[in-house]
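Next come the chains, spelled out residue by residue.
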Amino acid sequence: MLENVRLRTGLALAQFHFRKRGYPQTEFTKLYSNARTALVIVPEDSEHRSLAIPLLTSLQNKFRGNKLTIVIYDSFRDLSSSLAHCDVFPMTKENITFFYLPKKRAVQKLSRQKFDLVLDLNIPMVLTAAYLCRSVNATLKVGFAKEHGDRFYNFQLKTTHQKNPERSYEQLLRTMAMF
C-alpha cells in the first residue's frame, strides 16, 4: 500500500518536473541507423535482464568503442563484466529517492553527455528508468508501451509478446533496424 502511494507520488513529481518540456517534432527516418552514441537502461528484473543480453551484445557491436553507456542497477553488477567496451553507470539505492526518482546528482552525471539514443529495456514501468530516459539529452527516447509512457518516451514499442520478454527484445531490435 505504502509502496503504491510512493510510486504514484513519484509519478506526479515527475509529471510536474517535465510539465513544460515538450518533445520537438522528430522524424524517425534513419535516426537509429545514424546514431553514434547510446544510453541503455538494463531491466531491473533479473529474469528480463538475462533475456536482454543478446540485445545488449548487438547494441555493443553497433556502438563500438566507448560510445555505449549502460545503466545497471546495483544488484546486477555481474553483468558489467560482459560489457567490457562500454561505460557502465551503476544505479545504486543511494541514487534513488524515497519516491523512486533518481537523485539530482545521478541525473546531472548522465546529462553531461549527449546521446543520440536512449533505450529503456524495462518492460513494466520502472519510474527511475523512465525519469532518466526523459531527463537525458537525446533525440530518440525508446521504451516499451506502458501506462504513462508517453510522458517519458518519444517512441514506444507495443509488442504482442508481453508474456515473452525474449521475443519483445527481439522485436525491439528488428523495429529499430527499420530506422
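Look up a bit, the structure's there.
Residues numbered from 1 in each chain as written. Predicted model: local features only at pLDDT ≥ 70, side-chain atom pairs only at ≥ 80, totals over all residues. Heavy atoms only, no water.

## So, the overall build of the chain
The helix and strand inventory of the chain stands at 6 helices and 6 strands. Going residue by residue from the N terminus, the α and β elements of the chain occur as α-β-α-α-β-β-α-β-α-β-β-α. Taking all contacts inside the chain whose residues are at least 6 apart in sequence as the whole, residues at least 24 apart take part in 60%. If you sum the accessible surface of the chain, you get close to 9700 Å²; carbon and sulfur atoms cover 52% of it. (Helix = DSSP H or I, 4+ residues; strand = E, 2+ residues; numbered from the N terminus. Contact = heavy atoms within 4.5 Å. Areas by Shrake-Rupley, 256 points an atom, 1.4 Å probe, with all protein chains shown as cover.)

## Structural notes on the nonpolar core
Membership of the largest hydrophobic core comes to 27 residues, with the highest contact counts inside it found for Leu117, Leu121 and Leu172. Contributing elements (two or more residues each) for this core: β1 (38-41), α3 (53-62), β2 (68-73), β4 (115-120), β5 (138-144), β6 (155-157) and α6 (165-177). Those residues in contact with Leu117 that sit more than four places away from it in its chain are Tyr32, Ala35, Thr37, Ala38, Leu39, Phe63, Ala138, Leu140, Val142 and Met176. Counting residues in hydrophobic clusters, the runner-up holds 26 residues, among them Phe89, Ala106, Val118 and Tyr153. (Core = buried A, V, L, I, M, F, W, Y, C linked by side-chain atoms within 4.5 Å. Buried < 20%, exposed > 50% of the residue type's maximum accessible area, 1.4 Å probe, protein only.)

## Examining unusual backbone geometry
Within the chain, Tyr100 stands out as a residue other than glycine whose phi angle is a positive 65°. With phi around 70°, His148 is a residue other than glycine that occupies positive phi space. With respect to the element layout, His148 can be found in the loop between β5 and β6. We classify His148 as partly exposed; its relative accessible area is 27%.

## As for the packing of helix α4 (residues 104-111) against helix α5 (residues 127-135)
The contact between α4 and α5 brings their axes to 10 Å, and the two run at 45°. Comparing their axes, α5 and α4 come out oblique. The handedness of the crossing between α4 and α5 is right-handed. Touching Val107, Leu110 and Ser111 of α4 are Tyr131, Leu132 and Ser135, all from α5. For the contact of α4 with α5, the per-class residue count stands at 4 nonpolar, 2 polar and no charged. (Axes fitted to C-alpha atoms, helices over the stretch in contact; angles between N-to-C directions. Parallel < 35°, antiparallel > 145°, perpendicular 65-115°, else oblique. Left-handed = near helix turned anticlockwise from the far one by under 90°. Nonpolar A, V, L, I, M, F, W, Y, C, P; charged D, E, K, R; others polar.)

## Section: the packing of aromatic side chains
Throughout the structure, instances matching the rule amount to 2 aromatic pairs. Between Phe98 and Phe99 the ring centres are 5.2 Å apart and the planes differ by 80°, which places this aromatic pair in the edge-to-face class. Given the relative accessible area of 49%, Phe98 is considered partly exposed. With a centroid separation of 5.8 Å and 70° between ring planes, the pair formed by Phe144 and Tyr169 is classed as edge-to-face. In this pair, Phe144 is assigned in strand β5 and Tyr169 in helix α6, connecting sequence segments 25 residues apart. (Phe/Tyr/Trp six-rings, centres within 6.5 Å; stacked < 30°, edge-to-face > 60°.)

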